[in-house]
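# Coordinate inspection notes
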Amino acid sequence: MKMTIETLRSKGHEITAEEEQGVTIAILLHDIGHGPFSHALEHTIVKGVSHEDISILLMDKLNEQFNGQLTTAISIFKNSYAKRFLHELVSSQLDMDRLDYLNRDSFFTGVSEGVISSDRIIKMLNVVDDHIVIEEKGIYSVEKFIIARRLMYWQVYLHKTVIAAEQLLVKILERSRELVLKGEKLFATPALSHFLNNELTREAFIKDGHLEIFTRLDDTDILSAVKVWATNDDFVLSKLCTDFVHRKVFHVDITTEAPGRQLVADLRNKAIAKYGITEKEVPYFVFTDSIQNNAYRVGDGNIGILMKDGTVIDIATASDYSNLEALAKTIEKYILCYSKDLV
């Protein structure tokens, strides 16, 4: 973000010291609302409340503590600030978060396809009509960025092992909540217990002081509960938790067509016979879903290319890379998850 501000100032765009501080705070805090295990538990612990909602609530609280010093940051984050291009640096299809995490995640996973020339892209940034654009000579770096994003989703973020582990954790939380709401007592830290025992609407979460309790949650709350629940009397919960502790995650098939009904039915029957569970409990061990990969969304805050004649056109049109239009299409695949015991 600092490099971007420096680049834009060097091209004659005024960004005040207050705006610089505001946009820097906004990018640092934009994901502060994520709970334990990030997206995996976003709609399991607190249904209907997104991490963006919680980010705003936390920023508002911090703003009170810092006597209004986050007002500009919040305005930029919410896209209500006069200079809209500042919001695009925080949240858009070419924001600072994406330029940062692709390289970072490539490094830590050892997947080289995500490596992008973020410095080069930043040096090519400009502002036209209050929107962030890329100068024409940076087009190839942006093409590589979009391709890298598509590859990283298939190879890392939507990798079948990631899906298997996330889905197992989601099923554990769903079962624990189901049991607690039936009146069963389960071990949990006070913070986790609060959210297992209360079905909160978005409005209730915002109004009734649940935010402070939410901030006490971290990975340890979840992991400690899972380890204890592995010895619970409920077969479904103990089985799921034992598998998680021993890293025996779901088997996942990812296909371009929906899995056959007969295959799913056979697996469901196997689960009933093997585990002695009811029809209602089968979806904890055999279930289907779908995943989407959209590296670039045309019409959703397009990436504009500033041509040499001063016109701005969409990257999908400006690119001479024939596959870029194909990359702009959302690819949907189907997943079939089931316990490895059933193979």
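Preceding this paragraph is the structure being described.
A brief structural summary. (Residues numbered from 1 in each chain as written. Predicted model: local features only at pLDDT ≥ 70, side-chain atom pairs only at ≥ 80, totals over all residues. Heavy atoms only, no water.)

Where helix α1 (residues 2-10) contacts helix α2 (residues 17-29), the two axes come as close as 10 Å, and the packing angle between them is 145°. Both α1 and α2 take part in a crossing whose hand is right-handed. Residues Lys2, Ile5 and Arg9 of α1 pack against Ala17, Glu20, Val23 and Thr24 of α2. (Axes fitted to C-alpha atoms, helices over the stretch in contact; angles between N-to-C directions. Helix = DSSP H or I, 4+ residues; strand = E, 2+ residues; numbered from the N terminus. Left-handed = near helix turned anticlockwise from the far one by under 90°. Contact = heavy atoms within 4.5 Å.)

Now for the packing of helix α9 (residues 160-181) against helix α13 (residues 219-229). For the pair α9 and α13, the least separation of the axes is 12 Å and the interaxial angle reads 70°. Here α9 is positioned roughly perpendicular relative to α13, judged by the angle of their axes. For the pair α9 and α13, the contacting residues are Leu169, Ile172, Leu173 and Ser176 in the first and Ile222, Val226 and Trp229 in the second. For the contact of α9 with α13, the per-class residue count stands at six nonpolar, one polar and no charged. (Parallel < 35°, antiparallel > 145°, perpendicular 65-115°, else oblique. Nonpolar A, V, L, I, M, F, W, Y, C, P; charged D, E, K, R; others polar.)

Our next topic: the pattern of salt bridges. Side chains bearing opposite charge may pair, as long as their charged atoms lie close to each other. Summed over all chains, the structure comprises 17 salt bridges. Between Arg9 and Glu20 there is a salt bridge; the shortest N-O distance is 3.1 Å. Pair noted here: Arg9 is in helix α1 and Glu20 is in helix α2, with a separation of eleven residues, a long-range link. Judged by relative accessible area, Arg9 falls into the partly exposed class, the value being 33%. Note that Asp105 and Arg104 form a salt bridge whose closest N and O atoms lie 3.9 Å from each other. The exposure class of Asp105 is buried, given its relative accessible area of 18%. Using a relative accessible area of 38% as the deciding quantity, one classes Arg104 as partly exposed. Linked by salt bridges that have partners in common, Arg175, Glu178, Lys182, Asp234 and Glu281 make up one network. (Salt bridge = Lys/Arg side-chain N within 4 Å of Asp/Glu carboxyl O. Buried < 20%, exposed > 50% of the residue type's maximum accessible area, 1.4 Å probe, protein only.)

This part covers the packing of aromatic side chains. Counted under the stated rule, the structure contains ten aromatic pairs. Seen in terms of ring centroids, Phe235 and Tyr275 are 5.5 Å apart; in terms of plane orientation they differ by 45°. Their pairing is tilted. Residue Phe235 is located in helix α14 (residues 235-245), and its partner Tyr275 is located in helix α15 (residues 261-275); the two are separated by 40 residues in the primary sequence. The exposure class assigned to Tyr275 is buried, which follows from its relative accessible area of 12%. Between Tyr275 and Phe285, the ring centres sit 4.8 Å apart and the planes meet at 45°, which makes this aromatic pair tilted. Of the two residues, Tyr275 is situated in helix α15 and Phe285 in the loop between α15 and β4 (286-293); the sequence distance between them amounts to ten residues. The buried category is assigned to Phe285, whose relative accessible area is 0%. Through pairs of rings, three or more aromatic residues link up here, namely Tyr101, Tyr153 and Tyr157. It is Lys171 that lies over the ring of Phe287; its NZ or CZ is 4.2 Å from the centre. Taking the ring centre of Trp154 as reference, the NZ or CZ of Lys333 above it sits at 4.3 Å. (Phe/Tyr/Trp six-rings, centres within 6.5 Å; stacked < 30°, edge-to-face > 60°. Lys NZ or Arg CZ within 6 Å of the ring centre and 35° of its normal.)

This brings us to empty space enclosed by the protein. Scanning the model with the defined rule gives two cavities of 30 Å³ or more in all. Looking at the largest cavity, its volume works out to about 90 Å³. If you trace the largest cavity, you find 13 residues lining it, with Gly35, Leu41, Glu42, Ile54 and Phe214 closest to the centre. Split into classes, the residues belonging to the lining of the largest cavity amount to seven nonpolar, five polar and one charged. Looking at the second largest cavity, its volume works out to about 50 Å³. Contributing to the lining of the second largest cavity are Leu168, Lys239, Leu240, Asp243, Lys248, Val249, Phe250, Ser339, Lys340 and Asp341. With three residues, α14 is the largest single contributor of residues to the lining of the second largest cavity. Broken down by class, the residue content of the lining of the second largest cavity amounts to four nonpolar, one polar and five charged. (1 Å grid on protein atoms, 1.4 Å probe; cavity = no way out; pocket = protein on both sides within 12 Å on 5 of 7 lines; lining within 4 Å. Points joined across faces, edges and corners; volume = space filled by probe spheres on them.)

This part takes up the side chain of Ser176. Structurally, Ser176 can be placed in helix α9. Excluding its chain neighbours within four sequence positions, the residues that come into contact with Ser176 are Leu186, Leu196, Trp229 and Leu237.

Spatially, the four strands line up as an open sheet ordered β1-β2-β5-β6, and their pairing is mixed. Of all strands in the sheet, those with a lone pairing partner are β1 (125-128) and β6 (312-314), marking the two edges. Within the sheet, the average angular offset between the axes of one strand and its neighbour, ignoring direction, is 45°. Relative to strand β2 (residues 131-135), β1 runs antiparallel, the two being bridged by four bridges. (Pairing = 2+ DSSP bridges.)

Such coordinate-based values are descriptive only and should not be taken to indicate function.
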